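# Examining the three-dimensional arrangement
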Amino acid sequence: MNEKKVTEESVYILAIESSCDETAAAVVKDGREVLSNVISSQIALHTQYGGVVPELASRKHVEKINQVITEALLEAGMSLGQMTAVAVTYGPGLVGALLVGVSAAKALAYGAGLPLVGVHHIEGHISANFIENPELAPPFLCLIVSGGHTHLVIMKDYGEFEIIGRTRDDAAGEAFDKVARAIGLGYPGGPKIDRAAKEGNPHAMEFPRAKIEGSPYDFSFSGLKSAVLNYLNHEKMMGNEVNRNDLAASFQNSVVEVLVGRTISAAKEYGIQDVVIAGGVASNSALRAAMEAACGREGLRFYHPSPVLCTDNAAMIGAAAYYEYKKGVRSGWDLNAVPNLKLGER
């Protein structure tokens, strides 16, 4: 292997991500330059079950973890000994899946005599925005939308967060998956609803937009999901055929309207000029277009990662780990998986 020349002042991080159903490894330089980003997806495996099966996910991680790490180093043209540190997602996520990545990272770091940096998965999603937007720096407002999280967060500084809104029940991505299953689109729901909605009328059906009294920036999608299911049941009882594309578009429109509205309101109230989105649902084309238009109207700057950096990947973990490393954060050999880890906790 023709290894890259390493400059003393640069920080090279081997990052590992295995929190759900992607086994991923990446090499990231100075938090912003991706030298490799290898992802082994399990979508085909879990599609036949209609969702992620935790034990199967863990087994697949065990099979793939060494392979993706080797590929990431080869693609970067570097060796483990040239790394500055090893980083890994240690929460939140599926406990068995997280343990595979954490165990691999600890073994590599210990064997090579490198520092270990544990990274919060959601901090990784936020940090994905740094990779393609070199001018972006805190403070900014971030809408995090994924299968497990819907948060409005102010990133005050690198690694410093204030959560100003969160979902009270279903996350946006979870609602997408459940509605997609109900209307026969299958798993994964987000991309399939996005595609179907392009062929539908977003105003064909009117679904509720929940507001939380006393918490203007919190979210609730359980009522919306129930409204869709009730609509489907009613139409079935009446013997009416449901236009699946119209339903997908109308549901998606309800979600997007709430997400964008609360994000823009928060940006204005807190006087923040930079708005970013992150997480798997941040790749939704309707959300991106609506947020860009709303930010344009309000004179706000809007940033988002490419779709490949919205879904789970290790490059985002390497980006987050760089700033933690520079702040002096080091994890001990007792680092463990924390499936319910809160943002800002260590």
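No experiment lies behind these values; they were computed from the predicted model shown. (Residues numbered from 1 in each chain as written. Predicted model: local features only at pLDDT ≥ 70, side-chain atom pairs only at ≥ 80, totals over all residues. Heavy atoms only, no water.)

## Regarding the pattern of salt bridges
Taken as a whole, this structure holds 13 salt bridges when the rule is applied. One salt bridge connects Asp170 with Lys178, and the closest N-O pair in it is separated by 3.7 Å. For Asp274, the salt bridge goes to Arg301, with nearest N and O atoms at 2.5 Å. Separated by 27 residues along the polypeptide, Asp274 in strand S9 (residues 274-278) and Arg301 in strand S10 (residues 301-303) bring together distant segments of the chain. The class for Arg301 is partly exposed, based on a relative accessible area of 45%. Each of Asp170, Glu174, Lys178 and Lys225 takes part in a single network of salt bridges with overlapping partners. (Salt bridge = Lys/Arg side-chain N within 4 Å of Asp/Glu carboxyl O. Helix = DSSP H or I, 4+ residues; strand = E, 2+ residues; numbered from the N terminus. Buried < 20%, exposed > 50% of the residue type's maximum accessible area, 1.4 Å probe, protein only.)

## Focus: helix H4 (residues 121-132)
The element H4 is largely enclosed, with a buried count of eleven among its twelve residues. Among the residues of H4, those classed as buried are His121, Ile122, Glu123, Gly124, His125, Ile126, Ser127, Ala128, Asn129, Phe130 and Ile131.

## Some words on the layout of surface pockets
The volume enclosed by the largest pocket comes to roughly 1200 Å³. Lining the largest pocket are 39 residues; nearest its centre among them are Ser146, Gly147, Gly148, Asp177 and Tyr187. Secondary-structure elements contributing two or more residues to the lining of the largest pocket are H4, helix H5 (172-182), helix H6 (189-197) and helix H10 (307-310). Broken down by element, the residue count for the lining of the largest pocket peaks at six residues, all from H5. Of the residues that constitute the lining of the largest pocket, the class distribution is 13 nonpolar, 18 polar and eight charged. The calculated volume of the second largest pocket comes to roughly 230 Å³. What lines the second largest pocket is a set of 14 residues, and nearest its centre among them are His149, His151, Arg166, Leu341 and Lys342. A class-by-class count of the residues in the lining of the second largest pocket yields six nonpolar, six polar and two charged. (1 Å grid on protein atoms, 1.4 Å probe; cavity = no way out; pocket = protein on both sides within 12 Å on 5 of 7 lines; lining within 4 Å. Points joined across faces, edges and corners; volume = space filled by probe spheres on them. Nonpolar A, V, L, I, M, F, W, Y, C, P; charged D, E, K, R; others polar.)

## Remarks on unusual backbone geometry
For the peptide bond that leads from Gly91 to Pro92, omega is -10 degrees, which places it in the cis range. Within the fold, Pro92 resides in the loop between strand S4 (85-91) and helix H3 (95-112). The peptide bond linking Tyr187 to Pro188 adopts the cis configuration, its omega dihedral lying at -5 degrees. When you line up the elements, Pro188 lands in the loop between H5 and H6. Positive phi is not limited to glycine here, since Asp30 has a value of about 55 degrees.

## Structural notes on the state of the cysteines
As enumerated under the stated definition, the model contains zero disulfides in all. Left without a disulfide partner, Cys295 is nearest to the cysteine sulfur of Cys142, which lies 12 Å away. Cysteine Cys310 is unpaired, with the sulfur of Cys142 as its nearest cysteine sulfur at 10 Å. With relative accessibility at 0%, the residue Cys310 sits in the buried group. (Disulfide = S-S within 2.5 Å.)

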